[in-house]
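Summary of structural features
Next come the chains, spelled out residue by residue.
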Amino acid sequence: MVCDRNCGLIAGAVIGAVLAVFGGILIPVGDMLIENKVKKEVVLEEGTIAFKNWIKTGTEVYRQFWIFDVQNPEEVAVNSSKIKVKQRGPYTYRVRYLAKENIIQDPKTHTISFLQPKGAIFEPSLSVGTENDTFTVLNLAVAHHNTSDGVYKIFSGKDNVSKVAIIDSYKGKKNLPYWPSYCGMINGTDGASFPPFIEKTRVLQFFASEICRSFYAVFGAEINLKGIPVYRFILPSMVFASPLQNPDNHCFCTEKILSKNCTLYGVLDIGKCKEGKPVYISLPHFLHASPEIAEPIEGLNPNEEEHSTYLDVEPITGFTLRFAQRLQINLLVKPARIIEALRNLKQNYMVPILWLNETGTIGDEKANMFRNQVTEKINLLGLVEMILLSVGVVMFIAFMTSYCTCRSKSKLGKLNE
């Protein structure tokens, strides 16, 4: 009886040890299986999940405009008064990202070149007015309505998954022609996806063709989006810092008077890619800008929650599942004797024209598919690993403790005899 009992306890301890070891082994093996599967599916080639979604995203993207309506144009023109603006909007468009065209795959360089046509449909139900509303503004020609961006060439990631979706060239060039190469580098992806296995310490770079420059985002928080864990990356204020704080911005400061010899922050000159027009970009309502820039303007109310830019990225695949890109278009206005409306101005103005909010979120159907194909499988594997490891350890400790207790009692019984 004693032998049978001890043998049973030893057998239980052995089974527990085996389960624990198997659970421990399954952790690196499972991670390796997931990594191999992800590396296969994120490559941009026919037959992968990434390629199917890349051809045509299917995600509804909305672009909202708020116009700064000048309330006192005559007073400003005559007395060089503060400019009083009233925000009017949103005017909302549903942006139709059509299927990519002229796709050429180069197996030698592992790149794909393509053209991305675009279109937009006005959404009256999501707007405060119609497209025929009138405003008092300087010039609306700077609001871009291009039907396509130009030819992109990106890496497929076939030979190196860490390069997937990264832009190799734009319009046939690796650098923008408007600035020297050290300022005009086209870095990162287009923001729709990034190379997989994203860590919180990674800096995400993405190129915005509309404003002719690349941006970067840093980790901000962990968020649950429709049952999918994502990392929120935010556009830091350093992106719009002065050249003294951020040397990368020295090419975007050309006006020395208003910027106080490039010591002010919050606006960047993009005039060189806008046919020489005095166009500047900033965050909406001059968020994170030097107070001196907004001082001549009344009616602004910067708000971090409403006016910041972010990307919600699924860290394993690198897919962007939600984003909000918020930027403001401004014009620099200076006194000019030969222009009657500007003749009496006594100061320079950085005049806000409009700000836009372009947002997109993964749809419910695609979110459900993503959960089924990625999130739930990973969670199930992790659960199995933890159960095997935990049950195995508990069984091993419990049976070994019982065995040792029985052995001790058996020895004590023999001594008492």
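Every value quoted in this text rests on a predicted model; they were computed, and no experiment measured them. (Residues numbered from 1 in each chain as written. Predicted model: local features only at pLDDT ≥ 70, side-chain atom pairs only at ≥ 80, totals over all residues. Heavy atoms only, no water.)

**So, the overall build of the protein chain**
Heads up, the rule is: Every helix listed is a DSSP run of H or I at least four residues long, and every strand listed is a run of E at least two residues long, numbered separately from the N terminus. Each residue gets one of three labels from its accessible area relative to the maximum for its type: buried under 20%, exposed over 50%, partly exposed in between, using a 1.4 Å probe on protein chains only. It only takes one pair of heavy atoms within 4.5 Å for two residues to be counted as in contact. The accessible surface values rely on the Shrake-Rupley method and a 1.4 Å probe; as for residues, cover is taken only from the protein chains in view.
Within the protein chain, the regular secondary structure consists of six helices and 15 strands. Out of the 417 residues belonging to the protein chain, those deemed buried represent 45%. When contacts within the protein chain are restricted to residue pairs at least 6 apart in sequence, long-range pairs at least 24 apart make up 63% of them. Split by element, the accessible area of the protein chain, about 21,800 Å² in all, is 57% carbon and sulfur.

**Remarks on the pattern of salt bridges**
To keep it simple, the criterion reads: Any carboxyl oxygen of Asp or Glu that lies within 4 Å of a side-chain nitrogen of Lys or Arg is treated as forming a salt bridge with it.
Tallied over the entire structure, the rule returns ten salt bridges. One salt bridge in this structure joins R63 and E358, with 2.4 Å as the shortest N-O distance. Within this pair, whereas R63 is found in strand β1 (residues 61-70), its partner E358 is found in strand β15 (residues 349-361), the two being separated by 295 residues in sequence. Judged by relative accessible area, which is 15%, R63 ranks as buried. Several salt bridges converge on common partners, so that one network encompasses R232, D312 and R322.

**Structural notes on the side chain of S81**
Its location among the elements puts S81 in the loop between α3 (73-79) and β2 (83-97). Setting aside residues up to four positions removed in sequence, S81 forms contacts with E75, V76 and Y349.

**Examining the state of the cysteines**
We apply this condition: Throughout, a disulfide means two cysteine sulfur atoms within 2.5 Å of one another.
Here the structure, examined in full by the defined rule, presents one disulfide. Between the sulfur atoms of C253 and its disulfide mate C262 the distance is 2.0 Å. Because the sign of the S-S torsion sets the handedness, a value of about -100 degrees for the bond joining C253 and C262 places this disulfide among the left-handed ones. The class for C262 is buried, based on a relative accessible area of 9%.

**Brief notes about empty space enclosed by the protein**
The condition is simple: Note on definitions: the grid is 1 Å and covers protein atoms alone; a cavity is a set of points where a 1.4 Å probe fits but cannot get out; a pocket is an open set with protein on both sides within 12 Å along at least five of seven lines; lining residues have an atom within 4 Å of a point. Grid points are joined across faces, edges and corners, and a volume is the space filled by probe spheres set on the points.
For the structure shown, the criterion picks out one cavity of 30 Å³ or more. In this model, the largest cavity occupies a volume close to 170 Å³. Lining the largest cavity we find 20 residues, and of these C253, S259, L264, V267 and Y280 sit closest to its centre.

**Structural notes on the pairing of strand β9 (residues 228-234)**
The side chains of a regular strand alternate, first on one face of the sheet and then on the other. Convention followed: Pairing between two strands requires that DSSP report at least two bridges joining them.
In terms of residue burial, β9 counts as a mostly covered element, since five of its seven residues are buried. Inspection of the sheet shows strand β8 (residues 213-225) paired to β9 by seven bridges, in the antiparallel sense. The partner of F219 across the bridge, within β9, is F233. Taken together, β8 and the strand that follows it, β9, pair antiparallel across an intervening segment of two residues, in which K226 is found at a positive phi of about 55 degrees.

**Concerning the nonpolar core**
Quick note on the threshold: Side-chain atoms within 4.5 Å link the members of a nonpolar core, which is a set of buried Ala, Val, Leu, Ile, Met, Phe, Trp, Tyr and Cys residues.
Counting residues in each nonpolar core, the largest one holds 60 residues, and the members touching the most others are I83, F215, F240, I281 and M350. Among the elements that line this core, the one with the most residues is β15, at seven residues. Leave out the neighbours within four places in its chain, and I83 touches V70, N72, V76, P296, I297, E298, Y349 and V351. One finds W54, V161, A165 and V230 within the second-largest nonpolar core, a separate group that totals 27 residues.

**Focus: the pairing of β1**
Buried residues dominate β1, accounting for nine of its ten residues. Bridge analysis of β1 against β15 gives seven bridges, and the strand direction is antiparallel. Note on β15: the bridge partner recorded for R63 is E358. Relative to β2, β1 is paired through nine bridges, and the arrangement is antiparallel. Its bridge partner being in β2, Y62 is matched across the sheet by R94.

**Side note on the packing of aromatic side chains**
Using the following cut-off: Ring pairs are drawn from Phe, Tyr and Trp, using the six-membered ring of Trp, whenever the two centres fall within 6.5 Å, and their geometry is named by plane angle: stacked under 30 degrees, edge-to-face over 60, tilted for the rest. Remark: a charge is flagged as sitting over a ring if the NZ atom of Lys or the CZ atom of Arg is within 6 Å of the ring centre and within 35 degrees of the ring normal.
For the structure on display, the rule yields 13 aromatic pairs. Connected via pairs of aromatic rings, a cluster forms that spans F51, W54, F114, Y152, Y170 and F207. Across the ring face of F155, the terminal group of K163 is positioned such that the distance to the ring centre comes to 4.0 Å. Directly above the ring of Y310 sits R232, whose terminal nitrogen or CZ lies 3.7 Å from the centroid.

**As for unusual backbone geometry**
At the junction of G89 and P90, the peptide bond is cis and its omega measures out at 10 degrees in the coordinates. Mapped onto the fold, P90 is located in strand β2. Positive phi is not limited to glycine here, since S80 has a value of about 55 degrees. Turning to its location among the elements, S80 is positioned in the loop between α3 and β2. Even without a glycine there, the phi angle at K226 is positive, about 55 degrees. When you line up the elements, K226 lands in the loop between β8 and β9. For K226, a relative accessible area of 33% puts it in the partly exposed group.

**Details of the environment of S242**
Its location among the elements puts S242 in the loop between β9 and β10 (267-269). Sequence-distant contacts of S242, defined by excluding residues within four places in its chain, comprise C262, T263, L264 and Y265.

Read these as spatial facts, not as claims about activity.
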